[in-house]
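# Architecture and fold: a report
One letter stands for each residue in the lines below.
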Amino acid sequence: LQIELTDAQGRPAWAQTVPLDLVEGRNWIEHPLSVANPKLWWPNGMGDPNQYRVRLTLLQNGVAVDHLGFDYGIRTITTRPSAGRRTTERWDDWQY
């Protein structure tokens, strides 16, 4: 999986190709990244809503077979280890 972040001017902010360990069915991918001196996203009225463009490219034998792009605002993010590989949606058994 090739992961690329570009700033609003299209300049590379971070990029890396990571190996995947996939299983049959749905897979979740978590990979740490660190952007040097990120321009932070702020809510409306609290500052500039700086965003980065994220592009994920799925590679098979070095050839792009699929891609996904989306805009993303950076804030402080932390992750917590779980008890193994995720196999269901986070809210599967949640009800009103």
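Residues numbered from 1 in each chain as written. Predicted model: local features only at pLDDT ≥ 70, side-chain atom pairs only at ≥ 80, totals over all residues. Heavy atoms only, no water.

## Let's talk about the environment of Gln2
What counts here: What counts as a helix is a DSSP run of H or I of at least four residues, what counts as a strand is a run of E of at least two, and both are numbered from the N terminus. When checking whether two residues touch, look at their non-hydrogen atoms; a contact exists if any pair is within 4.5 Å.
For Gln2, the position within the fold is in strand 1 (residues 2-6). Along the chain, Gln2 and Pro19 lie 17 residues apart, while their C-alpha atoms are 8.8 Å from each other. Dropping the residues within four chain positions of it, Gln2 is found in contact with Gln16, Thr17, Arg55, Leu56, Thr57 and Leu59.

## Digging into the pairing of strand 4 (residues 63-72)
Definition in use: Paired strands, as defined in this entry, are two strands with at least two bridges between them according to DSSP.
Direction of pairing for strand 3 (residues 52-60) relative to strand 4: antiparallel, over a ladder of nine bridges. Of the residues in strand 4, the one forming a bridge with Leu56 is Leu68. Between the antiparallel neighbours strand 3 and strand 4 lie two residues, among them Asn61 with a positive phi of about 55°.

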